[in-house]
Amino acid sequence: MIRLLNLLAVAGLVASAIYAYSIKYDTLYQGGQVSKLQTALHKERQAIAVLRAEWQLLTRPDRLQAAVDKHLALEPIGTSHLARLSDLPARPERGDEIGRLLAATATPKDKGAIEPRTTGAITRTVTTTRTPTTASR
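Residues numbered from 1 in each chain as written. Predicted model: local features only at pLDDT ≥ 70, side-chain atom pairs only at ≥ 80, totals over all residues. Heavy atoms only, no water.

Description of the pattern of salt bridges
A full pass over the atoms with the stated rule returns one salt bridge. Close ionic contact of arginine 60 with aspartate 62 constitutes a salt bridge, the shortest N to O distance being 3.1 Å. In this structure arginine 60 comes out as partly exposed when scored by relative accessible area, which is 34%. (Salt bridge = Lys/Arg side-chain N within 4 Å of Asp/Glu carboxyl O. Buried < 20%, exposed > 50% of the residue type's maximum accessible area, 1.4 Å probe, protein only.)

Okay, here's the thing in structure tokens:
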């Protein structure tokens, strides 16, 4: 019985040693991966810094002005380019859109009712007169 316990103890010791070494090598592998990622991150940050410097170089106002003068035929804005308020067309009257929608969806008994009005709506009164017709034979 004591030999069986000794063998189980030795087997447990070997299993725990194997587990400890696997944890150690996995930790070393993960540390290497972190190092690689940090190196890649550092390279990307350097590339971003270079791109920002190039962007600042390309967007200098003196360089842009030279490119505009060379490639675009622009002229300064004068008073002849500006419009007056009176030159604009008159704004079309919108009226009461919601009232028209309500009147269109009214039931037949409500159709004779007065169209609803809102503030600012213009009301128009239409008067019709009937002329009597005479039958002459």
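Structural notes on a nonpolar patch on the surface
Where nonpolar side chains cluster on the molecular surface, the patch consists of Met1, Leu4, Leu5 and Leu8 and spans about 480 Å² of accessible area. Along the chain, leucine 5 turns up in helix 1 (residues 2-58). When its relative accessible area of 53% is taken as the criterion, leucine 5 is described as exposed. (Patch = residues over 30% accessible without salt bridge, like charges linked within 9 Å, V, L, I, M, F, W, Y side chains within 5 Å. Areas by Shrake-Rupley, 256 points an atom, 1.4 Å probe, with all protein chains shown as cover. Helix = DSSP H or I, 4+ residues; strand = E, 2+ residues; numbered from the N terminus.)

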